Structures are given as C-alpha cells and as structure tokens.
Amino acid sequence: MALQYLLCALLTVVALLLPAHAETTAITPVQLVAPDGSMRAAFIPFGAITTNIWVKDKHGVFRDIILGFDNHSLYQSDAEGHPYFGPIVGRSESYANRIRDGTFTIPISKDASGPGKKFVVPHNEGNNTLHGGPDGFDRRLWTTVKQTSNSVTFSLTDPAGMEGFPGTVETQVTYTLERKSTWKIKSQDLDAHFAQFESSRFVATDGALIPTGKLNAVSGTPLDFRKAKSIGESIPATAAGQFCGTGCVGFDNCWILDSPSVKKPTFSIWSKNSGIKLDIFTNQIAFQVYSCNGIFNASLPIPRKASQGGPGAIYTDHSCVVIEPESLIDAINNPEFGVNQIFGPERPYDWESTYVFSTVH
C-alpha cells in the first residue's frame, strides 16, 4: 500500500490500551521472501505497517529502502514522534490525506454546506482531519488472517460511528512478494532521485494544503514530471509558489494521472546512486507525493535505522520521498471534481497497487 510518513499531533497511544501479550504480537514482524529470493520484506500487525523492504542495488547488494524504527515498540509509543512510517492510513485510502474542517456531508456537497446529513470527525492537523484522524487505521492492531512464505493478509473492522465516520468498514490488505522483485499491493538527499509520471494536472490547495476546488495545469511549474527529472533539484523551484503550503519548500501535492493502469507503470522513480528503480502500477486516479519537508524536528530528531547510517545519523528534511496512490484529496467536499467517494455494501472500495523493483546503471 501506500508508504506514508507525515507529522501529526494529538495521537492516541494505542500501546497503552493493549494487554502485554497483544502488545508483543502487535510488533512481532512477519518476514516474507519472494519465491526467487529477489526481495525480502517485513510487516507488523500494528497499523499493518511495512517495517522493511530489502531489494538489490546495482551492485547486487540488498538495501532496506523503507524509513522506520529498528526498535518496533517506537511505532506504538510515539517516543520518537509519529511520522507515519509505513502504515495503512485512513479509515479509507481515499483519505490518505486531509478532510477540510473534519466535516463532510452525504450526499457530497461543497465544503459540507449542503442539505445532506453532516458528519464531523476529529481534527488532528489544526482544524482539519489528516490520515483518518488521531485514532486512524495506523493506530489499530490488525488481525493476521493468512500467511505464507511470500504473502500476508491483515484485516480490520472499523465499526460505524468510530471517530464519527458513518458505516462499518471491513478492510483487508494483502502484501505479496512476487518473482523479479515485485511487491504487489534512501539516500542522503533527493538530488540523485529521478521521477517520471504522466500527469497534466494537480489539485490546487491553500496554505494549509486544503483543496481550493481547482485543478491546475502542471505545465510551466516545478510539478511537471512528464519528462524525467531530479526530484531534489526541482525542490528549490517550489519556493515561490509554496506548493507544499505556507512557508514550505518542497512537494506535498496530489497529481491526477492522465491514464491510471494496472497493466503499465503510471509512476516511475529511480536513484542514480543505488541504481534501484521502482515502477508503480495502480487502479487509483491520483498520487500524492511528499518530499519529507517537515520530517526533521530539532527537539526530537528521529535516528535512522542502523542499515541506513543510524543511530548517529538522523532523518533530515528532504531525505526521503513518499508516494501515495489515491483518489483526489478532499473530493468529498468538492463535488466539482466529479469523484464519488461514498462507498458501501453495493459499492465496495477496491485499492490495488503493484510495486516492481529493478536496477538501472
């Protein structure tokens, strides 16, 4: 699933609510290996978190490419902050992002101003709701329902009324490692990381990253990645437009895919240093890309994993990139987008993405 890392406040410390044996189970890793040995990965039931993915670089050396904690108890305790390292977020992947004022209506209406039934969900980013709120899916203990040597399935039931969301949601996520370094479902900076994806438009947002209702063209902006270019070298050009919010330099934007597809790559990213390339296939209509603009906190710096230079080295701003296949952000408050984000028994929500790793020289 999508790899999310973002800063968030006012979080419930779920670990304190779990009995001792459940706490241990929650952070005990499930180790998977691709049938041909081309990649390895580890996941924990708490938050259905991806803790590690090892793929080979251009020298044939396995490298862990996922940000996270070597001490898995830190995913629960928030002792080193809660930067959304690798979980499933939401109540749904449609909200791997923000809901304006934590408010929406059913049927959908502009900024929850219509006559439909109004729902109010907890605020955990100023006046807005981020990633499903302070007790989202990333804070829950998922059930392991199936496991093989190369696949694991986690499930979670979110009851109606939880955090104010309507309807009971039954969610399953299956992580599968396939042959040829395929995952179905870092370096010091981003200068050597290149990206390319076919997107002609992005969702315009205000200074708090809430959509304005407009879909702007990428042409002539730093957000144009239709031709391959360096992510890191493109970051300074974002300063004037403050595309990632007031006073921010970097990317934190929702791009609309011109042609979503599970048959061909819709997003590609690679590192010239390691030679590792990632191609993403998805049935989602958009991507959020975040260049870790606010991951560094001087009062609580996060040590890197030992395999990534830690614990002496820390995760700094722009030292990682987050790629989230998703729907259009806050479409539930912007009917002009023409995206129906209301799901139910007669209209299940289907999220599918495949991540294929290879090397370039």
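Residues numbered from 1 in each chain as written. Predicted model: local features only at pLDDT ≥ 70, side-chain atom pairs only at ≥ 80, totals over all residues. Heavy atoms only, no water.

This part is about the nonpolar core. Judged by nonpolar contacts, the single largest core of 45 residues is most densely connected at F154, Y175, W183, W255, F267 and F357. Judged by nonpolar contacts, the second largest core, of 17 residues, contains I27, I49, L74 and F85. (Core = buried A, V, L, I, M, F, W, Y, C linked by side-chain atoms within 4.5 Å. Buried < 20%, exposed > 50% of the residue type's maximum accessible area, 1.4 Å probe, protein only.)

Here we take up the sheet that holds strand β3 (residues 49-56). Sheet strands pair via backbone hydrogen bonds, and the direction of the pair is either parallel or antiparallel. Strand order across the open sheet formed by four strands is β1-β2-β3-β4, with antiparallel pairing between neighbours. Unpaired on one side and paired on the other, β1 (30-33) and β4 (62-64) mark the two borders of the sheet. Geometrically, the sheet is characterised by an average inter-axis angle of 20° between neighbouring strands, direction not taken into account. Bridging between β1 and strand β2 (residues 39-44) involves four bridges; their strand directions are antiparallel. Of the residues in β2, the one forming a bridge with V30 is F43. (Pairing = 2+ DSSP bridges. Helix = DSSP H or I, 4+ residues; strand = E, 2+ residues; numbered from the N terminus. Axes fitted to C-alpha atoms, helices over the stretch in contact; angles between N-to-C directions.)

The next point concerns the sheet that holds strand β15 (residues 211-217). Spatial strand order, β15-β14-β17-β20-β21: five strands in an open sheet with antiparallel pairing. The two strands at the open ends of the sheet, each matched to only one other strand, are β15 and β21 (322-326). Within the sheet, the average angular offset between the axes of one strand and its neighbour, ignoring direction, is 30°.

As a further point, take the side chain of D138. Positionally, D138 belongs in the loop between β8 (129-130) and β9 (143-147). Salt bridges are absent for the buried D138, whose nearest opposite-charge side chain, R139, sits at 4.6 Å. Apart from residues no more than four positions distant in its own chain, D138 is found in contact with F46, G47, H82, Y84, P87, I88, V89 and H131. (Lys, Arg positive; Asp, Glu negative; His and termini not counted. Salt bridge = Lys/Arg side-chain N within 4 Å of Asp/Glu carboxyl O. Contact = heavy atoms within 4.5 Å.)

What the rule picks out here adds up to 21 aromatic pairs. Judged by centre distance (5.9 Å) and plane angle (85°), the rings of F137 and W142 are edge-to-face. Across the pair, W142 and F137 agree in class, each one buried. Site record: aromatic cluster; members linked through ring pairs are F197, F225, F251, W255, F267 and F287. Lying over the aromatic face of F225, K229 brings its terminal NZ or CZ to 4.5 Å of the ring centre. Here the guanidinium or amino end of K277 rests over the ring plane of W270, the centre of that ring lying 5.6 Å away. (Phe/Tyr/Trp six-rings, centres within 6.5 Å; stacked < 30°, edge-to-face > 60°. Lys NZ or Arg CZ within 6 Å of the ring centre and 35° of its normal.)

With that settled, the discussion passes to unusual backbone geometry. Residue P107 is reached from I106 by a cis peptide bond, and omega for that bond is 0°. Structurally, P107 is set in the loop between β6 (103-106) and β7 (117-120). Cis geometry is found at the peptide bond from G310 to P311, where omega equals 0°. Looking at the element boundaries, P311 is found in the loop between β20 (286-290) and β21. Positive phi, normally seen in glycine, also occurs at Y84, with a value near 55°. Structurally, Y84 is set in the loop between α2 (74-77) and β5 (98-99). You will see that A112, though not glycine, has its phi angle at about 55°, which is positive. Tracing the backbone through its elements, the reader meets A112 in the loop between β6 and β7.

The tally for this structure, following the rule as stated, stands at two disulfides. The disulfide that involves C244 links it to C248, with 1.9 Å between the sulfurs. For the disulfide bridge between C244 and C248, the dihedral angle about the S-S bond is near -105°, and by the sign convention the bridge is left-handed. Residue C244 is classed as buried on the basis of its relative accessible area of 6%. On the accessibility criterion, C248 (14% relative accessible area) is buried. C292 shares a disulfide with C320; S-S distance 1.8 Å. Judged by the torsion about the S-S bond (-105°), the C292/C320 disulfide is left-handed. Of the two residues, C292 sits in the loop between β20 and β21 while C320 sits in the loop between β20 and β21, which places them 28 residues apart along the sequence. (Disulfide = S-S within 2.5 Å.)

Following the criterion strictly, the structure yields 13 salt bridges and no others. In this structure, D64 and K305 form a salt bridge, with 2.8 Å as the shortest nitrogen-oxygen distance. Pair check on accessibility: D64 and K305 agree, each one buried.

The next point concerns the environment of D135. By the element assignment, D135 lies in the loop between β8 and β9. Along the sequence, D135 and T182 sit 47 residues apart, while their C-alpha atoms lie 31 Å from each other.

Geometric descriptors of this kind do not, in isolation, establish any biological role.
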